[in-house]
Amino acid sequence: MSHMNHILNSLFHRPPARQVAITSRSIYNPSHRYSSQTGSHLQASVQDRIARTDAQNPFSPALIDSFTRKHDYLRISLTERCNLRCFYCMPSGGVELSPRHHILTDDEIIRLASLFVRSGVKKIRLTGGEPTVRKDLDNIIRQLNELRLLGLDSIGMTSNGLALHRRLSDLVHNGLTHLNLSLDTLDPFKFEIMTRRPGHNAVLRALDVALSCAGLRSVKLNVVVVKGLNDSEVLDFVELTKDNKLSVRFIEFMPFTGNKWDKVKMVPSAELLHTIKQRHPAIERVSDELNDTARSWRIPGYKGNIGFISSMSDHFCSSCNRLRVTADGQIKVCLFDAKEISLRDEMRRGATDEELLQVISSAVMGKKEKHAGMEDIDVVTNRPMILIGGPQQSSSHLHSRLPFSIFVPTFSPHIGTRLKRRWNSHSSANIPRLTHLDPDGRPSMVDVGSKESTKRTATAIGHIYIPKVAYDLVTGTPPQTENELLYKAQVKASGKGDVLTVAQLAAIMGCKRTPELIPLCHPLQLSHILVALTPEVVAGQETAQHDSGPLPYRIQCTATVSCEGKTGVEMEALTAVSVGLLTVWDMLKAIAGKEMMIGSIIVSRKSGGKNGDFTRGGSKEGS
């Protein structure tokens, strides 16, 4: 029986007052020991060292975002494959893996790593999937180790430990310095429930080997806490730090595609800390490493420490210094942001390092100040965690590796029927290529880095068709009805305020937030937004056809947007019109919810850009 198994056996067969005793066989780097220095003195010392290092090796502006955050930490996913099936990481239906030739080769990984290190990256972490599944892992670490001459300080790896205990010493010999093991339960039966696979003893052996491995500077244990499943084991995990230089990090359950995240399953870090304080009231806060994701604590007399990664309840976005490269070569600037740019495609097209750095810079500059709130995170277009490489898609996900077809329903107010337009990601001489899809059919933001900034303007128009009672309310015509229910509905609708004014303000606000609503839109500095809503009475072909009869009354929304930039503002104008019309609908739904129809929304005019100016011909409506 291994030493770790012996400890856990005693842990589960003794009274509630638990004391875990693990022999301290690991050799710990003295530079990482806790000292009696005050937190402020230690932080000043770290900042001074960083300043001196930066002076010797200037940091590339390509890795500095618009909020002046320096990104000196790179996570590289080596594979999408894994030998476990953790429910929070991999959807129950499995994932669609990339074809083998889409995965980065060893040379491509080392080329990217070298470019990032030369630009200022000090820390690289290898992730997956499960990185030990990749056969050439030893060689990759060996080549990464040669980048120390360029300024690389550490090579870390996050692993589930299932196949690690026999390989770890060789990996450390080749240059591995930091290891994070994932283990969410100390109960072997619960382990199989959470991972859908056996292997608990193998992970414990890997932990035992890691704690006795002289070359590792740091060993951390990652624990994803899920309410009602493993939150009762928190104090047991804490006891693992008593006699070992081990950092146990409790991670809040995070939402990803397919993992059925629910807020009630998430245990906030503050709640965990409260539970630990009840058992260990003397627990004390310790200084964190610069840019560390975990808030660290220790219990006096314990050799290790504990940390809390509070991505959901208390995010650390302001100090984020991390970038991610997926196994298929996409750069992700945020774990929770679905936007990606393919570095693999650029390399295989023959891009120089300078051109690659421009692409990287474009991605970094698009990084938001912070990710969305826990209930607003995109779990539709973002990847499952296993396909990112985080703290993992069923065959229907948006990141399909195969070309796909989309049928987009569109509505014509003139004939009152739905049409279908077919868009296909295949490119051919007769089918135009969609610019926001890469050759593999994956969503991709258009690179505008090489374009010149010019004055750009766009105007969009759209209409909402309404019954006469709603038209009268909007135009201020006194209500003429003996229907008491209808009269009350008119009073209720008018109580929301002036319809056109509220819709105008909503349209302007929506215009400003276009890149947050449309995933692949570039954020632009808009110089002018003009929105007008005009009630109209039309006749003939401009009348919309409704089941209840023709609708000659409508409100036209016109939005003109201007900027000085590298890409056009058509989407901003279209968003303004869409939000304005939807607001009119919301304001009038009490009296006209069944009759209203939103008609064609189009770009009527555009100026600026390489494609030149245009004015849409045809009728006033632009059809």
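Before any of the text, the structure's been laid out above.
Residues numbered from 1 in each chain as written. Predicted model: local features only at pLDDT ≥ 70, side-chain atom pairs only at ≥ 80, totals over all residues. Heavy atoms only, no water.

**A short note on the packing of aromatic side chains**
Using the criterion set out here, one finds three aromatic pairs in the structure. Their ring planes at 80 degrees and their centres at 6.4 Å tell us that Phe237 and Phe250 sit as a pair that is edge-to-face. Pair noted here: Phe237 is in helix α8 (residues 234-239) and Phe250 is in strand β6 (residues 247-252), with a separation of 13 residues, a long-range link. Take Phe237 and Phe250: they sit in the same class, and that class is buried. Both rings, one in Tyr471 and one in Tyr553, keep their centres 5.0 Å apart while their planes meet at 40 degrees; by these two values the pair is tilted. Of this pair, Tyr471 sits in helix α12 (residues 468-475) while Tyr553 sits in strand β19 (residues 553-565); the two residues are 82 residues apart in sequence, bridging distant segments of the chain. Here the aromatic cluster, defined as three or more aromatic residues joined through ring pairs, consists of Phe237, Phe250 and Phe308. The residue whose ring lies beneath Lys123 is Tyr73, and the NZ or CZ to ring-centre distance is 4.6 Å. (Phe/Tyr/Trp six-rings, centres within 6.5 Å; stacked < 30°, edge-to-face > 60°. Helix = DSSP H or I, 4+ residues; strand = E, 2+ residues; numbered from the N terminus. Buried < 20%, exposed > 50% of the residue type's maximum accessible area, 1.4 Å probe, protein only. Lys NZ or Arg CZ within 6 Å of the ring centre and 35° of its normal.)

**Side note on the environment of Cys511**
In this structure, Cys511 sits in helix α14 (residues 499-512). Residue Cys511 is classed as buried on the basis of its relative accessible area of 0%. Taking the C-alpha atoms as reference points, Cys511 and Leu526, 15 residues apart in sequence, are found 9.2 Å from one another. Setting aside anything within four residues of it in sequence, one finds Cys511 in contact with Leu526, Ile529, Val561, Glu572, Thr575 and Ala576. (Contact = heavy atoms within 4.5 Å.)

**Quick word on the packing of helix α3 (residues 106-119) against helix α11 (residues 353-365)**
Orientation of α3 relative to α11, taken along the N-to-C sense of each, is 75 degrees, at an axis distance of 11 Å. Accordingly, the angle class assigned to the pair α3 and α11 is roughly perpendicular. Residues Arg111, Leu112, Leu115, Phe116, Arg118 and Ser119 of α3 form the contact with α11, whose participating residues are Asp353, Leu356, Leu357 and Ile360. (Axes fitted to C-alpha atoms, helices over the stretch in contact; angles between N-to-C directions. Parallel < 35°, antiparallel > 145°, perpendicular 65-115°, else oblique.)

**Comments concerning the pattern of salt bridges**
Under the criterion given, the structure shown has 18 salt bridges. Between Arg167 and Asp138 there is a salt bridge; the shortest N-O distance is 2.9 Å. Placement of Arg167 in the loop between β3 (154-159) and α5 (168-174) and of Asp138 in helix α4 (residues 137-145) is noted, with a sequence separation of 29 residues between them. One network of salt bridges, in which partners are shared, links Asp106, Arg134 and Asp136. (Salt bridge = Lys/Arg side-chain N within 4 Å of Asp/Glu carboxyl O.)

**Focus: a nonpolar patch on the surface**
A cluster of nonpolar residues, Leu517, Ile518 and Met571, forms a patch on the protein surface that exposes about 240 Å² of accessible area. Position of Met571 relative to the elements: it lies in helix α16 (residues 570-592). Its relative accessible area of 34% is what places Met571 among the partly exposed residues. (Patch = residues over 30% accessible without salt bridge, like charges linked within 9 Å, V, L, I, M, F, W, Y side chains within 5 Å. Areas by Shrake-Rupley, 256 points an atom, 1.4 Å probe, with all protein chains shown as cover.)

**Examining the sheet that holds strand β7 (residues 284-285)**
Taken together, 12 strands build an open sheet; the order of strands is β7-β8-β9-β6-β5-β4-β3-β2-β1-β10-β11-β12 and the sheet is mixed. Taken across any chain shown, the strands that pair with only one partner, and hence form the sheet edges, are β7 and β12 (341-342). Alignment of strand β1 (residues 73-77) against strand β2 (residues 123-127), held across five bridges, turns out to be parallel. Bridging across to β2, Ile76 finds its partner in Leu126. (Pairing = 2+ DSSP bridges.)

**Considering unusual backbone geometry**
Generally, phi is negative for residues other than glycine and the peptide bonds are trans, each holding for most cases. Omega for the peptide link from Gly128 to Gly129 comes to 15 degrees, which places this bond in the cis form. Here Gly129 lies in the loop between β2 and α4. Unusually for a residue other than glycine, Thr68 sits at a positive phi of about 60 degrees. Following the sequence through the fold, Thr68 ends up in the loop between α2 (39-56) and β1. With a relative accessible area of 63%, Thr68 lands in the exposed category. Even without a glycine there, the phi angle at Arg196 is positive, about 60 degrees. Within the secondary structure, Arg196 sits in the loop between α6 (188-195) and α7 (200-211).

**Details of the pairing of strand β9 (residues 305-309)**
By the criterion of burial, β9 is predominantly enclosed, with five of the five residues buried. Neither face of β9 is exposed, since Asn305, Gly307 and Ile309 on one face and Ile306 and Phe308 on the opposite face are all buried. By the bridge criterion, five bridges tie β6 to β9 in an arrangement that is parallel. Counterpart to Ile251 in the pairing with β9 is Ile309. For strand β8 (residues 295-298) and β9, the ladder comprises three bridges, and the chain directions are antiparallel. Paired with Ser296 across the strands is Gly307, a residue of β9. Hairpin connection of β8 to β9: six residues between the antiparallel strands, including Gly301 at a positive phi of 95 degrees.

**Brief notes about the nonpolar core**
Residues Phe116, Ile124 and Phe250 are the most contacted members of the largest nonpolar core, which totals 93 residues. Ranked by size, the runner-up nonpolar core spans 35 residues in total, among them Ala470, Cys511, Met587 and Leu588. (Core = buried A, V, L, I, M, F, W, Y, C linked by side-chain atoms within 4.5 Å.)

**Let's talk about α14**
The periodicity of an α-helix, 3.6 residues per turn, causes residues three or four positions apart to be oriented the same way. Between the first and last C-alpha of α14 there are 20 Å, a value that for 14 residues agrees with the 20 Å anticipated at 1.5 Å per step. Listed as buried for α14 are Val499, Leu500, Ala503, Ala506, Ala507, Gly510 and Cys511. Summarising the axial view, the buried residues of α14 lie within an arc of 135 degrees, below the 170-degree limit, and thus occupy one face. Facing away from the buried side of α14 by over 90 degrees, the exposed positions are Met509 and Lys512. Where α14 is buried, its residues touch α12, α15 (514-517), β16 (526-537), β19 and α16. Its side-chain oxygen 3.4 Å from the backbone nitrogen of Leu500, Asp498 forms the N-cap of α14. (Expected span 1.5 Å × (residues − 1). Arc of directions from axis to C-beta. Polar contact = N/O pair within 3.5 Å; in protein donor to acceptor, adjacent residues only side chain to side chain.)

**Overview of the side chain of Asn321**
The residue Asn321 is located in the loop between β9 and β10 (322-325) in this model. Asn321 gets classed as buried once you look at its relative accessible area, which sits at 5%. At 2.6 Å, the side chain of Asn321 and the side chain of Asp72 are in polar contact.

**Describing the packing of α14 against α16**
The interhelical angle for the contact between α14 and α16, taken along N-to-C directions, is 145 degrees, at an axis separation of 7 Å. Handedness of the crossing formed by α14 with α16: right-handed. Two secondary-structure elements touch here, α14 through Val499, Val502, Ala503, Ala506, Ala507, Gly510 and Cys511 and α16 through Glu572, Thr575, Ala576, Val579, Gly580, Thr583, Val584, Met587 and Leu588. Residues of the contact of α14 with α16, tallied by class, amount to 11 nonpolar, four polar and one charged. (Left-handed = near helix turned anticlockwise from the far one by under 90°. Nonpolar A, V, L, I, M, F, W, Y, C, P; charged D, E, K, R; others polar.)

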